[in-house]
Amino acid sequence: MPRLLLFDIDGTLLDTGGAGGASLLDAVEELYGVSRGSLPPLNLAGATDGGIVRQLFEQVGREMTPAAVDEYMRSYLAHLQRRLQDREFIGQTLPGTRELLQALTAAGGADLGLLTGNVRRGAEMKLARFDLGGHFVEGAFGDDAEDRNHLGPVAMRRMSGATGRSYPVSEVIVIGDTPKDIACAHAIGARCLAVGTGNFEAAALSTHSPWVCLENLADTDRVCEILLS
Ligand SMILES: [Mg+2]
């Protein structure tokens, strides 16, 4: 049976050092003349970009028309690209990310995809910043649905289309860092490997009943064994 591993990005594989959240606010300031300091804190953990845009548009009193969202996303992505390339960028891959992706790719026992709230272009930029994009075949993104629970079937369908293999949910594992990642795995009947490298400690994640919960992905051999056996 083909195994499918669906990875979240922020807090799971990498940390942009605040560049992602800052770019979302840069776009608000640029387009709507609202200062970031006047807005309540954004709830980013496990959210989709579409859900975040909805929060922001409500806060600045804008209607969420397709044209307005397009304009907003273009601005956000331009700021994100700038911040990812900035000399003061302090983002980093999380412990074990690079080694794990290399080991999984080398082992060949699973197909690797993405299940992320980032819009596709934002996901590509973040992964490219660390040269990680080549490990992933396809995925589901924040521009596919606002509700993360709707992304699992999209990811499975896209991965099947790309690889020609069909994946029973018993062979699908979602790897993520928030209760919303765990919920979106449960929504499709898949397992979730939850990792405490984002805003939630492993102990807090474990109360949401993930299949496995780890402090981090640093132990490459152990994580490979968990994901491939
Ligand atoms: Mg995350």
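Further up the page is the structure itself.
Given the structure is predicted, the values throughout are model-derived calculations rather than measurements.

**Student:** Can you break down the overall build of the chain residue by residue, with the values?
**Tutor:** Helix and strand counts for the chain come out as nine helices and eight strands. Taking 2.2 N^0.38 as the reference for a compact globule, 229 residues should give roughly 17 Å; the C-alpha atoms of the chain span a radius of gyration of 17 Å, in line with that estimate. Along the longest, intermediate and shortest principal axes, the C-alpha atoms of the chain span 50 × 35 × 35 Å. For the chain, with 229 residues in total, the buried portion stands at 42%. Counting contacts in the chain only where the partners sit at least 6 residues apart, residues at least 24 apart contribute 65% of the total.

**Student:** Can you lay out the environment of E225 for me, pointing to particular residues and giving the numbers?
**Tutor:** Counting through the fold element by element, E225 comes out in helix α9 (residues 220-228). A count of 10 C-beta atoms within 10 Å places E225 in the exposed class. E225 sits 49 residues away from G176 along the chain, and the two C-alpha atoms are 17 Å apart.

**Student:** Lay out the sheet that holds strand β7 (residues 191-195) in plain terms, naming residues and giving numbers.
**Tutor:** Pairing is parallel across the open sheet formed by six strands, whose spatial order is β5-β4-β1-β6-β7-β8. Each edge of the open sheet is held by one strand with a lone partner, namely β5 (139-140) and β8 (212-214). Sheet analysis places β7 next to β8, joined by three bridges and oriented parallel. Considered in β8, the bridge of V195 is made with L214.

**Student:** I'd like a rundown of the pairing of β7, residues and numbers included.
**Tutor:** The element β7 is extensively covered by neighbouring structure, given that four of its five residues are classed as buried. Here strand β6 (residues 172-176) runs beside β7; their pairing, made up of four bridges, is parallel. Residue I173 lies in a different strand from β7, and its bridge partner there is R191. One crossover worth recording links β6 to the parallel β7 by way of helix α7 (residues 179-187), and it is right-handed.

**Student:** Hey, could you go over unusual backbone geometry for me, with residue numbers and the actual values?
**Tutor:** Positive phi values are uncommon outside glycine, yet D131 reaches one of about 60 degrees. Mapping D131 onto the fold places it in the loop between α5 (120-129) and β5. Look at S209: it is not a glycine, yet its phi comes out positive at around 60 degrees. With respect to the helices, strands and loops of the structure, S209 is situated in the loop between α8 (202-206) and β8. Judged by C-beta crowding, with 13 C-beta atoms within 10 Å, S209 ranks as partly exposed.

**Student:** Please give an account of the nonpolar core that cites residues and values.
**Tutor:** Counting 58 residues, the largest nonpolar core has L5, L6, F7, L115 and V174 as the members making the most contacts within it. Take this core: its biggest share by element is five residues, from helix α3 (residues 66-85). When residues of this core are sorted by domain, at least three fall in each of domain 1 (3-16 + 92-228) and domain 2 (19-85).

**Student:** Tell me about the environment of C192, and please be specific about residues and values.
**Tutor:** Secondary-structure assignment places C192 in strand β7. In sequence terms C192 and V137 are 55 residues apart; their C-alpha atoms lie 19 Å from each other. Every residue in contact with C192, bar those within four places of it in the chain, is listed here: V174, G176, D181, I182, A185, P210 and W211.

Calculation rules
- Residues numbered from 1 in each chain as written.
- Predicted model: local features only at pLDDT ≥ 70, side-chain atom pairs only at ≥ 80, totals over all residues.
- Helix = DSSP H or I, 4+ residues; strand = E, 2+ residues; numbered from the N terminus.
- Rg over C-alpha atoms; globule rule 2.2 N^0.38 Å.
- Buried ≥ 20, exposed ≤ 12 C-beta atoms within 10 Å, placed from the backbone.
- Contact = placed C-beta atoms within 7 Å.
- Pairing = 2+ DSSP bridges.
- Right-handed = clockwise from strand over helix to strand, strands pointing away.
- Core = buried A, V, L, I, M, F, W, Y, C linked by C-beta atoms within 7 Å.
- Domains from an automatic or database assignment.

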